[in-house]
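# Per-entry structural report
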Amino acid sequence: CAQKMNQPKRRLDKLGVKTGDYRVVLIGMHDPEFEAELLARIDRLFKKPVGDADLVFLRATSLKDLAKLKSLRAKLAAAGALWILREKGTAAVVRESEVREAAKAAGLVDVKVVAFSETLTADKFVVPIAAR
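Residues numbered from 1 in each chain as written. Predicted model: local features only at pLDDT ≥ 70, side-chain atom pairs only at ≥ 80, totals over all residues. Heavy atoms only, no water.

Every buried residue belonging to helix α6 (residues 96–105) is among V99, A102 and A103, and all of these are buried. Summarising the axial view, the buried residues of α6 lie within an arc of 100°, below the 170-degree limit, and thus occupy one face. Opposite the buried face of α6, at more than 90 degrees from it, the exposed residues are E101, K104 and A105. Where α6 is buried, its residues touch α4 (63–66), α5 (69–75), β4 (76–87) and β6 (120–126). Two residues or fewer after α6 comes G107, characterised by a positive phi angle close to 85°. (Buried < 20%, exposed > 50% of the residue type's maximum accessible area, 1.4 Å probe, protein only. Helix = DSSP H or I, 4+ residues; strand = E, 2+ residues; numbered from the N terminus. Arc of directions from axis to C-beta. Contact = heavy atoms within 4.5 Å.)

Here's what the structure looks like:
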């Protein structure tokens with residue numbers, strides 16, 4: 001426990017980013033620092049949906065962004081994950097309940113929440129095991 005406090009998990013570890021030939025997609029994100037972190041661990045990064053994506057990061061700044069969930073779900077690898085990043089706090093335009101509702105409608109279930117940054121939270125969604 002003391003070791004975890006002295007060496008907290010790095011962001012990519014919390015987000016489940018593995019090393020090597022890993023298909024990671026960023027949608028609606030412009031975050032050079034995060035992109036550099038990713039490219040230090042993975043071979044390629046995609047800025048538009050690709051098939052068999054291991055991880056998709058969607059930056060949701062409006063409810064309109066949540067409308068993309070069904071098409072993004074179709075691009076996920078069977079065991080892939082879709083992370084939805086949204087503003088933290090009461091001033092957030094996109095609320096947690098709206099994210100969960102949209103994800104459920106797209107056939108996804110939530111499995112984890114991570115503090116992505118000081119201002120963003122990330123919710124992880126996957127295709128239910130029974131539907132893979």
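Pairing is mixed across the open sheet formed by six strands, whose spatial order is β2-β1-β3-β4-β6-β5. Either end of the sheet is taken by a strand with one partner, and the two such strands are β2 (42–46) and β5 (109–115). Strand after strand, the sheet turns through a mean of 25° between neighbouring axes, direction not considered. Helix-sheet contacts for helix α3 (residues 32–39) involve β1 (20–27), β2 and β3 (53–59), and the interaxial angle to β2 is about 140°. (Pairing = 2+ DSSP bridges. Axes fitted to C-alpha atoms, helices over the stretch in contact; angles between N-to-C directions.)

This part is about the pairing of β3. Within β3, six of the seven residues are buried, leaving the element largely enclosed by the surrounding structure. Two strands pair when backbone bridges link them, and β3 and β4 are joined in this way by six bridges, in the parallel orientation. Residue pairing in the sheet places L58 in a bridge with I84 of β4.

In this section: the environment of L108. Relative to the elements of secondary structure, L108 occurs in the loop between α6 and β5. Along the primary structure L108 and E37 are separated by 71 residues, whereas in three dimensions their C-alpha atoms are 27 Å apart. Not counting residues within four places of it along the chain, the set of residues in contact with L108 comprises R73, L76, L82, A103, F125, V126, V127 and P128.

Glancing now at the confidence of the model for the chain. In the predicted model, the chain carries a mean pLDDT of 93, and 95% of its residues have values of at least 70. Within the chain, no element has a lower average pLDDT than helix α1 (residues 2–6), which sits at 56, and none a higher one than β6, at 98. (pLDDT = per-residue confidence, 0-100.)

Attention now moves to α3. All of the buried residues along α3 are F34, E35 and L38. Down the axis, α3 shows its buried residues gathered within 100° of arc, on one side only. Turned more than 90 degrees from where α3 packs its buried face, P32 and E33 sit exposed. If you follow the buried residues of α3, they end up packed against α2 (11–14), β1, β2 and β3.

Membership of the largest hydrophobic core comes to 22 residues, with the highest contact counts inside it found for V25, V56, L66, L69, L82, I84 and L108. Listing elements by their share of this core, those giving two or more residues are β1, β3, α5, β4 and α6. V17, Y22, L26 and F57 belong to the second largest nonpolar core, which has 21 residues in total. (Core = buried A, V, L, I, M, F, W, Y, C linked by side-chain atoms within 4.5 Å.)

On to the pattern of salt bridges. Enumeration over the complete set of coordinates arrives at eight salt bridges. Among the ionic pairs, E37 bridges to R11, the shortest N-O distance being 2.4 Å. Here E37, found in helix α3, pairs with R11, found in helix α2; they are 26 residues apart in sequence, far enough to count as distant. A relative accessible area of 24% means that E37 is categorised as partly exposed. Judged by its relative accessible area of 16%, R11 falls in the buried class. Residue R59 is joined to E87 by a salt bridge in which the shortest nitrogen-to-oxygen separation is 2.6 Å. Placement of R59 in strand β3 and of E87 in strand β4 is noted, with a sequence separation of 28 residues between them. The network of salt bridges with common partners includes E96, R100 and D110. (Salt bridge = Lys/Arg side-chain N within 4 Å of Asp/Glu carboxyl O.)

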